[in-house]
Amino acid sequence: MSSKEHIRSLSEAGLCSKNRYKHAPHGPDFIIDQDWKSYSAAEHDRWDRLFARQLEVIQGRACQETLRAISTLKLSEGGIPDMAVLSSRLREITGWEVVPVAELVPDDVFFDHLANKRFPAGAFIRPEAELDYLEEPDIFHDIFGHIPMLADQNFSDFMQAYGKGGQRAMGLGQLKNLARLYWYTVEFGLVKEAGEMRIFGAGILSSPTETIFSLEADSPHRIAFDLERVMKTDYIIDDFQKTYFVIESFQSLLEACYSDFDPVYKAVKDQADIAPHETLPTDTLFNAGTLTYFHNKAAH
Ligand code: HBI
Ligand code: FE
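Participant: Looking at this structure, how should I read the site of ligand 1?
Facilitator: Neighbouring ligand 1 are the residues Val101, Glu103, Leu104, Val105, Asp107, Phe110, Phe111, Pro120, Tyr162, Ala179 and Tyr182. For ligand 1, an oxygen atom lies 2.7 Å from a polar atom in the side chain of Asp107. Relative to its unbound accessible surface of 390 Å², ligand 1 loses 86% to contact with the protein. Sorting the residues of the shell around ligand 1 by element identifies α5 (107–115) and α8 (175–187) as the ones contributing at least two each.

Participant: Can you help me understand empty space enclosed by the protein in this one?
Facilitator: Applying the stated criterion to the full structure yields one cavity of 30 Å³ or more. In this structure, the largest cavity encloses a volume near 60 Å³. As for the largest cavity, its lining consists of Leu73, Lys74, Leu75, Glu77, Gly79, Pro81, Asp82, Val85, Leu86 and Arg89. Residues that form the lining of the largest cavity fall into these classes: five nonpolar, one polar and four charged.

Participant: Mind showing me how you'd approach the layout of surface pockets here?
Facilitator: To locate leftover empty space, one rolls a probe as large as a water molecule over the atoms. Each pocket or cavity is described by its volume, and for the largest pocket that value is around 1,000 Å³. Around the largest pocket sit 40 residues that line it, and Glu135, Pro137, His141, Trp183 and Glu187 are the ones nearest its centre. Taken together, the elements giving at least two residues each to the lining of the largest pocket come down to α5, β2 (118–122), α6 (139–146), α8 and α10 (208–216). Among the elements that take part in the lining of the largest pocket, α8 stands out by supplying six residues, more than any other. Considered class by class, the residues forming the lining of the largest pocket number 21 nonpolar, eight polar and 11 charged.

Participant: Please explain the nonpolar core as it appears in this structure.
Facilitator: General note: in soluble globular proteins, nonpolar side chains tend to be found buried as a group. The biggest cluster of nonpolar side chains holds 85 residues, and the ones touching the most others in it are Ile143, Ile147, Phe155, Phe158, Met159, Leu181 and Met231. Broken down by element, this core gets its largest block of residues, six residues, from α8.

Cut-offs used in this document
- Residues numbered from 1 in each chain as written.
- Chains lettered and ligands numbered in written order.
- Predicted model: local features only at pLDDT ≥ 70, side-chain atom pairs only at ≥ 80, totals over all residues.
- Heavy atoms only, no water.
- Near = heavy atom within 4 Å.
- Polar contact = N/O pair within 3.5 Å; in protein donor to acceptor, adjacent residues only side chain to side chain.
- Areas by Shrake-Rupley, 256 points an atom, 1.4 Å probe, with all protein chains shown as cover.
- Helix = DSSP H or I, 4+ residues; strand = E, 2+ residues; numbered from the N terminus.
- 1 Å grid on protein atoms, 1.4 Å probe; cavity = no way out; pocket = protein on both sides within 12 Å on 5 of 7 lines; lining within 4 Å.
- Points joined across faces, edges and corners; volume = space filled by probe spheres on them.
- Nonpolar A, V, L, I, M, F, W, Y, C, P; charged D, E, K, R; others polar.
- Core = buried A, V, L, I, M, F, W, Y, C linked by side-chain atoms within 4.5 Å.
- Buried < 20%, exposed > 50% of the residue type's maximum accessible area, 1.4 Å probe, protein only.

This is the structure in structure tokens:
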């Protein structure tokens, strides 16, 4: 048998593909069986190493809501969490649950889950070779990054409102603007806490290097959150952010998004997009970045 045929037979047996859940059966809601017993000791050990390292890095950098929920939800009990067990704890607090999916699900399915207080989390764990960075969300990004904040009432209400808003945005062709709101808050948001800046974005919380970069590097801009400004601002998906937006509180984020999005959609509809490296005279800047990190990368 040729090596290609050998690899194909292995991947058909789900032995060597990076994501062994890729072909798991699912219904229209894309929920699969997490099959928690199928995780190997090596996979549990990888989760423990990712968890221990990131828990250390986020001390003094993640917002209180995240740090508190990591212990309330008993995420430190070791091994890859069983989502059914995690959901029973989360449901007690804010009524949310986490459901296993194989990979990114279609936007309309994603919004429907959020609108019904379900967070779809990838069931696969990243391979050893991608320990520090991977493109698609694995179980560590989704559970360590996203789930703790769903134990906060204001933030989880925002996520449900986002899901409902997403369903409407699709109808209005405004998905791009709404995806930016998600990106610059849920994935890469910073929040003011007792006069300091802290992290709540999942994309940062699940990355050891970006956890430090987002708060301490001189390169990125840090700009006060403004709904219209965020909805107009483009973003990059394969590197650190050039701009981080800072919310005053989760209550203020929720209030900004409870107002009907329609007038904001109208306001942004005909206006030009803003590039991620730009700042505007109307911005409330916590700091204008040097963008050195990005210039150096471009130079090589
Ligand atoms: N699916 N499983 C999953 N997780 C996500 O974060 C996700 C998704 N589908 C669509 C999506 N995110 C983005 O389009 C959001 O910006 C809406
Ligand atoms: Fe995410």
